[in-house]
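Residue-level listing of the chains:
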Amino acid sequence: MKKNTLPVFGVGPIYAVSCFLLTAFGLFLKKNGFLNGGDLPGLKSVAMIIGFLLIFIGVALWIYAVIIQRISREISSGNLVTTGIYSIVRNPIYLAFLCVCTGILVTAHNVYLLIFPVVFYIFLTVLMKQTEEKWLLDKFGSEYIEYCKHVNRVIPWFKH
(Lines give C-alpha, C1' and ligand atoms only; values in the text may rest on other atoms or scores of the structure.)
Protein backbone atom coordinates (compact mmCIF):
# COMPACT_ATOMS: atom_id res chain seq x y z
CA MET A 1 0.00 0.00 0.00
CA LYS A 2 1.35 3.40 -0.98
CA LYS A 3 1.69 6.04 1.72
CA ASN A 4 -1.56 8.01 2.16
CA THR A 5 -3.53 5.69 -0.11
CA LEU A 6 -6.34 3.67 1.37
CA PRO A 7 -7.75 0.56 -0.26
CA VAL A 8 -11.20 1.27 -1.70
CA PHE A 9 -12.76 -1.86 -0.17
CA GLY A 10 -10.75 -1.76 3.05
CA VAL A 11 -11.34 -4.91 5.06
CA GLY A 12 -14.99 -4.98 4.01
CA PRO A 13 -14.84 -8.22 2.04
CA ILE A 14 -13.26 -10.00 5.02
CA TYR A 15 -15.97 -8.72 7.35
CA ALA A 16 -18.87 -9.37 4.98
CA VAL A 17 -17.79 -12.91 4.08
CA SER A 18 -17.13 -13.75 7.73
CA CYS A 19 -20.56 -12.50 8.79
CA PHE A 20 -22.37 -14.35 6.01
CA LEU A 21 -20.47 -17.58 6.74
CA LEU A 22 -21.29 -17.37 10.45
CA THR A 23 -24.91 -16.58 9.62
CA ALA A 24 -25.09 -19.62 7.34
CA PHE A 25 -23.45 -21.72 10.05
CA GLY A 26 -26.03 -20.56 12.61
CA LEU A 27 -28.89 -21.38 10.26
CA PHE A 28 -27.31 -24.77 9.54
CA LEU A 29 -27.17 -25.50 13.27
CA LYS A 30 -30.83 -24.54 13.68
CA LYS A 31 -32.00 -26.51 10.65
CA ASN A 32 -30.20 -29.63 11.84
CA GLY A 33 -31.73 -29.51 15.32
CA PHE A 34 -28.72 -28.36 17.33
CA LEU A 35 -30.51 -25.27 18.67
CA ASN A 36 -34.01 -26.61 19.35
CA GLY A 37 -34.06 -25.44 22.96
CA GLY A 38 -33.76 -21.84 21.81
CA ASP A 39 -36.73 -21.76 19.44
CA LEU A 40 -39.35 -19.15 20.22
CA PRO A 41 -42.37 -20.30 18.17
CA GLY A 42 -44.69 -17.84 19.92
CA LEU A 43 -42.59 -14.96 18.61
CA LYS A 44 -42.25 -16.18 15.04
CA SER A 45 -44.37 -13.39 13.52
CA VAL A 46 -42.66 -10.67 15.54
CA ALA A 47 -39.23 -12.11 14.73
CA MET A 48 -40.07 -12.17 11.02
CA ILE A 49 -41.16 -8.52 11.08
CA ILE A 50 -38.09 -7.40 13.05
CA GLY A 51 -35.79 -9.54 10.90
CA PHE A 52 -37.11 -8.22 7.61
CA LEU A 53 -37.00 -4.66 8.95
CA LEU A 54 -33.31 -5.13 9.86
CA ILE A 55 -32.59 -6.58 6.42
CA PHE A 56 -34.36 -3.62 4.76
CA ILE A 57 -32.43 -1.12 6.91
CA GLY A 58 -29.16 -2.88 6.04
CA VAL A 59 -29.85 -2.83 2.30
CA ALA A 60 -30.95 0.83 2.46
CA LEU A 61 -27.78 1.78 4.38
CA TRP A 62 -25.60 -0.01 1.85
CA ILE A 63 -27.35 1.65 -1.11
CA TYR A 64 -27.06 5.08 0.48
CA ALA A 65 -23.42 4.73 1.53
CA VAL A 66 -22.14 3.04 -1.62
CA ILE A 67 -24.32 4.27 -4.46
CA ILE A 68 -25.81 7.58 -3.38
CA GLN A 69 -22.72 8.91 -1.56
CA ARG A 70 -20.37 7.22 -4.03
CA ILE A 71 -17.91 6.24 -1.35
CA SER A 72 -15.46 4.54 -3.72
CA ARG A 73 -15.02 7.82 -5.62
CA GLU A 74 -14.42 9.73 -2.40
CA ILE A 75 -11.86 7.19 -1.16
CA SER A 76 -10.10 7.15 -4.54
CA SER A 77 -9.83 10.94 -4.46
CA GLY A 78 -8.34 10.80 -0.95
CA ASN A 79 -11.13 12.51 0.97
CA LEU A 80 -12.30 11.82 4.51
CA VAL A 81 -16.06 11.50 4.13
CA THR A 82 -17.91 13.08 7.06
CA THR A 83 -21.21 14.12 5.45
CA GLY A 84 -24.49 12.36 4.76
CA ILE A 85 -24.76 8.98 6.46
CA TYR A 86 -21.10 9.31 7.48
CA SER A 87 -22.11 12.19 9.76
CA ILE A 88 -24.07 9.80 12.00
CA VAL A 89 -22.01 6.58 11.72
CA ARG A 90 -18.37 6.13 10.65
CA ASN A 91 -18.88 2.70 9.09
CA PRO A 92 -22.35 2.54 7.53
CA ILE A 93 -21.38 -0.19 5.06
CA TYR A 94 -20.23 -2.48 7.86
CA LEU A 95 -23.36 -1.56 9.83
CA ALA A 96 -25.36 -2.58 6.76
CA PHE A 97 -23.83 -6.07 6.76
CA LEU A 98 -24.37 -6.31 10.52
CA CYS A 99 -28.06 -5.41 10.07
CA VAL A 100 -28.62 -7.83 7.17
CA CYS A 101 -26.96 -10.78 8.90
CA THR A 102 -28.69 -10.01 12.19
CA GLY A 103 -32.01 -9.71 10.38
CA ILE A 104 -31.54 -13.09 8.73
CA LEU A 105 -30.76 -14.65 12.11
CA VAL A 106 -33.71 -12.97 13.83
CA THR A 107 -36.11 -14.40 11.24
CA ALA A 108 -35.08 -17.84 12.48
CA HIS A 109 -36.72 -16.94 15.86
CA ASN A 110 -34.12 -18.72 17.95
CA VAL A 111 -32.64 -17.04 21.01
CA TYR A 112 -29.33 -18.93 20.70
CA LEU A 113 -28.67 -17.36 17.31
CA LEU A 114 -28.57 -13.93 18.94
CA ILE A 115 -25.01 -14.63 20.09
CA PHE A 116 -23.88 -14.20 16.48
CA PRO A 117 -24.67 -10.45 16.21
CA VAL A 118 -22.60 -9.93 19.37
CA VAL A 119 -19.74 -11.81 17.69
CA PHE A 120 -20.22 -9.70 14.53
CA TYR A 121 -19.99 -6.50 16.57
CA ILE A 122 -16.90 -7.56 18.51
CA PHE A 123 -15.20 -8.78 15.32
CA LEU A 124 -16.00 -5.49 13.59
CA THR A 125 -14.65 -3.43 16.48
CA VAL A 126 -11.37 -5.36 16.63
CA LEU A 127 -11.01 -5.40 12.83
CA MET A 128 -11.60 -1.63 12.54
CA LYS A 129 -9.20 -0.76 15.35
CA GLN A 130 -6.44 -2.92 13.87
CA THR A 131 -6.81 -1.81 10.25
CA GLU A 132 -8.88 1.01 8.83
CA GLU A 133 -8.82 3.24 11.88
CA LYS A 134 -5.02 3.10 11.92
CA TRP A 135 -4.90 3.87 8.19
CA LEU A 136 -7.28 6.80 8.57
CA LEU A 137 -5.39 8.16 11.58
CA ASP A 138 -2.11 8.00 9.64
CA LYS A 139 -3.63 9.74 6.65
CA PHE A 140 -5.87 12.38 8.27
CA GLY A 141 -4.40 12.80 11.78
CA SER A 142 -6.22 15.32 13.95
CA GLU A 143 -9.07 15.68 11.42
CA TYR A 144 -9.87 11.98 11.90
CA ILE A 145 -9.48 12.19 15.69
CA GLU A 146 -11.98 15.04 15.81
CA TYR A 147 -14.38 13.13 13.54
CA CYS A 148 -14.16 10.09 15.86
CA LYS A 149 -15.06 12.25 18.86
CA HIS A 150 -18.40 13.15 17.27
CA VAL A 151 -19.36 10.07 15.25
CA ASN A 152 -19.58 6.50 16.55
CA ARG A 153 -17.87 3.61 14.81
CA VAL A 154 -20.96 1.47 14.13
CA ILE A 155 -23.89 2.57 16.32
CA PRO A 156 -25.57 5.54 14.61
CA TRP A 157 -25.63 8.72 16.64
CA PHE A 158 -27.38 11.87 15.59
CA LYS A 159 -25.73 15.21 16.37
CA HIS A 160 -26.91 16.95 19.52
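Residues numbered from 1 in each chain as written. Predicted model: local features only at pLDDT ≥ 70, side-chain atom pairs only at ≥ 80, totals over all residues. Heavy atoms only, no water.

*Asks:* Please set out the overall build of the chain residue by residue, giving values where relevant.
*Replies:* Scanning the chain from terminus to terminus reveals 7 helices and 0 strands. Going from N to C terminus, the chain has its helices and strands arranged as α-α-α-α-α-α-α. If you line up the chain on its principal axes, its C-alpha atoms span 50 × 30 × 25 Å. By residue count, 39% of the 160 residues in the chain fall in the buried class. Across the chain, the fraction of contacts at a sequence separation of at least 24, relative to all contacts at a separation of at least 6, is 80%. Element-wise, carbon and sulfur atoms account for 70% of the exposed surface of the chain, whose accessible area totals about 9,400 Å². Measuring between centres, the 14 positive side-chain charges of the chain sit 5 Å from its 7 negative side-chain charges. (Helix = DSSP H or I, 4+ residues; strand = E, 2+ residues; numbered from the N terminus. Buried < 20%, exposed > 50% of the residue type's maximum accessible area, 1.4 Å probe, protein only. Contact = heavy atoms within 4.5 Å. Areas by Shrake-Rupley, 256 points an atom, 1.4 Å probe, with all protein chains shown as cover. Lys, Arg positive; Asp, Glu negative; His and termini not counted. Charge placed at Lys NZ, Arg CZ, Asp CG, Glu CD.)

*Asks:* Now, about the pattern of salt bridges: what can you tell me, with residues and values included?
*Replies:* Two side chains bearing opposite charge may form a pair once their charged atoms approach each other closely. Tallied over the entire structure, the rule returns 5 salt bridges. With its nearest N and O atoms 4.0 Å apart, the salt bridge here joins Arg 73 to Glu 74. Glu 133 serves as the salt-bridge partner of Arg 90, at 3.0 Å between the closest nitrogen and oxygen. Here Arg 90, found in the loop between helix H3 (71-76) and helix H4 (92-107), pairs with Glu 133, found in helix H6 (residues 132-140); they are 43 residues apart in sequence, far enough to count as distant. Here the salt bridges share partners, and the residues they tie into one network are Arg 90, Glu 133 and Arg 153. (Salt bridge = Lys/Arg side-chain N within 4 Å of Asp/Glu carboxyl O.)

*Asks:* Describe in detail unusual backbone geometry, supporting the description with residues and values.
*Replies:* The residue Arg 70 is not glycine, and still its phi comes out positive at about 50°. Tracing the backbone through its elements, the reader meets Arg 70 in the loop between helix H2 (44-68) and H3. By relative accessible area, which is 46% here, Arg 70 ends up partly exposed. Positive phi outside glycine occurs at His 109, with the angle close to 40°. Within the element layout of this structure, His 109 appears in the loop between H4 and helix H5 (115-130).

*Asks:* Let's hear about the packing of aromatic side chains: which residues, and what values?
*Replies:* Throughout the structure, instances matching the rule amount to 4 aromatic pairs. Between Tyr 15 and Tyr 94, the ring centres sit 5.7 Å apart and the planes meet at 85°, which makes this aromatic pair edge-to-face. Taken together, the residues Tyr 15 in helix H1 (residues 12-31) and Tyr 94 in helix H4 connect sequence positions 79 residues apart. A relative accessible area of 0% means that Tyr 15 is categorised as buried. Their ring planes at 55° and their centres at 6.3 Å tell us that Tyr 144 and Tyr 147 sit as a pair that is tilted. (Phe/Tyr/Trp six-rings, centres within 6.5 Å; stacked < 30°, edge-to-face > 60°.)

*Asks:* Please set out the confidence of the model for the chain residue by residue, giving values where relevant.
*Replies:* Predicted confidence across the chain gives a mean pLDDT of 91, with 92% of residues reaching 70 or more. Between the elements of the chain, mean pLDDT differs from a low of 81, seen in H3, to a high of 97, seen in H4. (pLDDT = per-residue confidence, 0-100.)

*Asks:* Please give an account of the environment of Thr 102 that cites residues and values.
*Replies:* Residue classification places Thr 102 among the buried residues on the basis of a relative accessible area of 13%. Considered as a pair, Thr 102 and Thr 23 are 79 residues apart in the sequence and their alpha carbons are 8.0 Å apart. If we skip the residues at most four places from it in the chain, Thr 102 touches Leu 54, Pro 117 and Phe 120.

*Asks:* Lay out the environment of His 109 in plain terms, naming residues and giving numbers.
*Replies:* The exposure class assigned to His 109 is buried, which follows from its relative accessible area of 14%. Taking the C-alpha atoms as reference points, His 109 and Gly 42, separated by 67 residues in sequence, lie 9.0 Å from one another. Once residues within four sequence positions are removed from consideration, His 109 is found in contact with Lys 30, Gly 38, Asp 39, Leu 40, Pro 41, Lys 44 and Ala 47.

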